[in-house]
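# Structural description and commentary
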Amino acid sequence: MTEELFREDATLLECSARVLCVDADGVRLDRTVFYPQGGGQAGDAGVLLLADGREFAVADTRKGTRPGEIVHLLAAGVDASALPPGTELRARIDAQRRRSHMRFHTATHLLCALVPHPVDGCSITDRYARLDFHMNEPLDKQLLSEGIARLVAEAHPVHHRWISEAELDATPQLVRSMSVMPPRGQGRIRVLEIDGVDLQPCGGTHVANTAEVGAVLVTKVEKKSAMTRRVILGFAEAAEGRG
Ligand SMILES: [Zn+2]
């Protein structure tokens, strides 16, 4: 088991940790700030730092095969032989990449609030995010962009809390996603609340206030199938950069 520091504080960029084991898959630590790919959100990249200055690049982070396992995937060609179990190190994420994940992830919650239909797919990367809605009505790109901009300007606080599985069972309308079910069996479910805007189970990383989402635009709306409308989000600064 790895202590998941990112669940309580998404702003942590680094932590001290101890190596539990290393194998061909990657490095497992006793605690980490690295978010493992899941719930549609991409995994973190970053670096593991030894006290003597040696650095080990982490290309991605995934869940292991056992519940609660987090595997730090070392970049190609990185030799892990200097990381035996018990090694003390600093685990530091790529702050810019994570910041993008947090902005986009929070923006997908804003989109959920604007589009009152179930979600049947989600992908959050550092360059774009996409959300698939189970619906056949058309969606207006411009109106959605304006809706997101309004919720960002209104600066709603964003926070998480834990509810019991019984509480979730009593309020099934909380679950917006058809494709990602909240993890069961731990007795508690993490819910993400954007005050006055959105409330749903979510284990991902988010900014602390919708104002921090910044300039996010709907770059594309697609009809993926008779009952799926796909919405792609991008950063306005990237769109401007493309000229
Ligand atoms: Zn979320």
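These notes cover the structure that comes with them. (Residues numbered from 1 in each chain as written. Predicted model: local features only at pLDDT ≥ 70, side-chain atom pairs only at ≥ 80, totals over all residues. Heavy atoms only, no water.)

### What about the coordination of the zinc ion?
Which entries qualify depends on this criterion: Atoms of type N, O and S within 2.8 Å of a metal are treated as its donors, and for Na, K and Ca the window is 3.2 Å; water is not considered, so some sites may appear to be missing partners. Angle rules define the geometry names used: all angles between 85 and 135 degrees makes four donors tetrahedral, while opposite donors over 155 degrees apart and all other angles between 65 and 115 make four donors square planar and six octahedral, leaving every other case irregular. The way it works is that DSSP assigns letters per residue, a run of H or I at least four long becomes a helix, a run of E at least two long becomes a strand, and they are numbered from the N terminus. The buried label applies to any residue whose accessible area, calculated with a 1.4 Å probe on protein chains only, is under 20% of its type's maximum; exposed applies above 50%, and partly exposed to all values in between.
Coordination sphere of the zinc ion, protein contribution only: His105 (NE2), His109 (NE2), Cys202 (SG) and His206 (NE2), at 2.0 to 2.1 Å. Around the zinc ion, the four donor atoms sit at angles spanning 98 to 125 degrees, and that spread fits a shape best called tetrahedral. Donor residues for the zinc ion sit on one chain with the sequence pattern H-x3-H-x92-C-x3-H. Of this pair, histidine 105 sits in helix 2 (residues 95-114) while cysteine 202 sits in the loop between strand 13 (198-201) and strand 14 (216-225); the two residues are 97 residues apart in sequence, bridging distant segments of the chain. Across the pair, exposure class does not vary: histidine 105 and cysteine 202 are buried alike.

### Digging into the packing of aromatic side chains
To keep it simple, the criterion reads: Pairing of aromatic rings covers Phe, Tyr and the six-membered ring of Trp, with a centre-to-centre limit of 6.5 Å; geometry is then stacked below 30 degrees between planes, edge-to-face above 60, and tilted otherwise.
Evaluation of the coordinates by the stated rule reveals two aromatic pairs. Ring geometry for phenylalanine 6 versus tyrosine 35: centroids 5.5 Å apart, planes at 80 degrees, classification edge-to-face. With a gap of 29 residues between them, phenylalanine 6 in helix 1 (residues 5-8) and tyrosine 35 in the loop between strand 4 (31-32) and strand 5 (46-49) connect regions that are remote in the sequence. As far as burial versus exposure is concerned, phenylalanine 6 and tyrosine 35 are alike and both buried. Between phenylalanine 104 and phenylalanine 235, the ring centres sit 3.9 Å apart and the planes meet at 15 degrees, which makes this aromatic pair stacked. Within this pair, whereas phenylalanine 104 is found in helix 2, its partner phenylalanine 235 is found in strand 15 (residues 228-235), the two being separated by 131 residues in sequence. Judged by relative accessible area, phenylalanine 235 falls into the buried class, the value being 7%.

### Some remarks on the state of the cysteines
What counts is decided by this rule: Disulfide: a pair of cysteine sulfur atoms within 2.5 Å of each other.
By the definition in use, this model includes zero disulfides. With no disulfide of its own, cysteine 122 lies 7.8 Å from the sulfur of cysteine 112, the closest cysteine sulfur.

### Considering the pairing of strand 2 (residues 14-23)
Put simply, the rule reads: Paired strands, as defined in this entry, are two strands with at least two bridges between them according to DSSP.
As judged from the five bridges shared by strand 2 and strand 8 (residues 88-93), these two strands associate in the antiparallel manner. Across the sheet, the residue bridging to serine 16 is arginine 90, located in strand 8.

### Description of helix 2
Because the α-helix completes a turn every 3.6 residues, residues three or four places apart line up on one side. Our working rule: An expected span of 1.5 Å times one less than the residue number is assigned to each helix. Pairs of N or O atoms within 3.5 Å make up the polar contacts considered here, provided that, within protein, one atom can donate a hydrogen while the other can accept it, and that residues adjacent in sequence are counted only when both atoms are side-chain atoms.
Across its 20 residues, helix 2 extends 29 Å between first and last C-alpha, which sits within 8% of the 28 Å expected from 1.5 Å per residue. Burial analysis of helix 2 places 15 of its 20 residues in the buried class, the great majority of the element. Structurally, the start of helix 2 carries an N-cap: the backbone nitrogen of glutamine 96 is 3.2 Å from a side-chain oxygen of aspartate 94.

### A few points about unusual backbone geometry
A positive phi angle, close to 50 degrees, is found at alanine 155, a residue other than glycine. Within the fold, alanine 155 resides in the loop between helix 3 (141-153) and strand 11 (158-164). The class of alanine 155 is partly exposed, set by a relative accessible area of 33%.

### Observations concerning the nonpolar core
Note on soluble globular proteins: their nonpolar side chains tend to be buried together. Note the cut-off: The term nonpolar core refers to a set of buried residues drawn from Ala, Val, Leu, Ile, Met, Phe, Trp, Tyr and Cys, joined through side-chain atoms within 4.5 Å. Residue contacts follow a heavy-atom distance rule, with two residues in contact if any of their heavy atoms lie within 4.5 Å.
Among the nonpolar cores identified, the biggest contains 30 residues, and Leu111, Phe133 and Leu233 are the most heavily contacted of them. Broken down by secondary-structure element, the contributors of at least two residues to this core are helix 2, strand 9 (119-124), strand 10 (129-134), helix 3, strand 12 (188-194), strand 14 and strand 15. Element by element, the count of residues in this core is highest for helix 2, at six residues. Residues contacting phenylalanine 133, with those up to four places away along its chain left out, are Leu111, Cys112, Val115, His117, Pro118, Val119, Asp120, Arg176, Met227, Thr228, Arg229 and Val231.

### What about the packing of helix 2 against helix 3?
Formally: Here, axes are lines fitted to C-alpha atoms. For helices the fit covers the stretch in contact, and angles between N-to-C directions go from 0 to 180 degrees. Helix crossings fall into two classes, left-handed where the near helix is turned counterclockwise from the far one by less than a right angle and right-handed where it is turned clockwise. Under the scheme applied here, ten amino acids are nonpolar (Ala, Val, Leu, Ile, Met, Phe, Trp, Tyr, Cys and Pro), four are charged (Asp, Glu, Lys and Arg), and all others, including Gly, are polar.
Their axes nearest at 10 Å, the elements helix 2 and helix 3 cross at an angle of 115 degrees. Our pair here, helix 2 against helix 3, has a crossing hand that is right-handed. Side by side, helix 2 and helix 3 meet where Leu110, Leu111 and Leu114 of the first sit next to Leu144, Gly147, Ile148, Arg150, Leu151 and Val152 of the second. Across the contact of helix 2 with helix 3, the residue classes break down as seven nonpolar, one polar and one charged.

### What to know about the sheet that holds strand 10
Taking strand neighbours across the sheet as the criterion, the four strands line up as 9-10-15-14 in an open arrangement whose pairing is antiparallel. Across the chains shown, the open sheet's two edge strands, defined by having one partner strand only, are strand 9 and strand 14. Neighbouring strand axes in the sheet, compared pairwise and without regard to direction, differ in orientation by 15 degrees on average. Here eight bridges tie strand 14 to strand 15, and the two strands are oriented antiparallel to one another. By the bridge assignment, valine 216 is partnered in strand 15 with phenylalanine 235. Along the sheet, helix 2 contacts strand 9, strand 10, strand 14 and strand 15; its crossing angle with strand 15, the most-contacted strand, is approximately 140 degrees.

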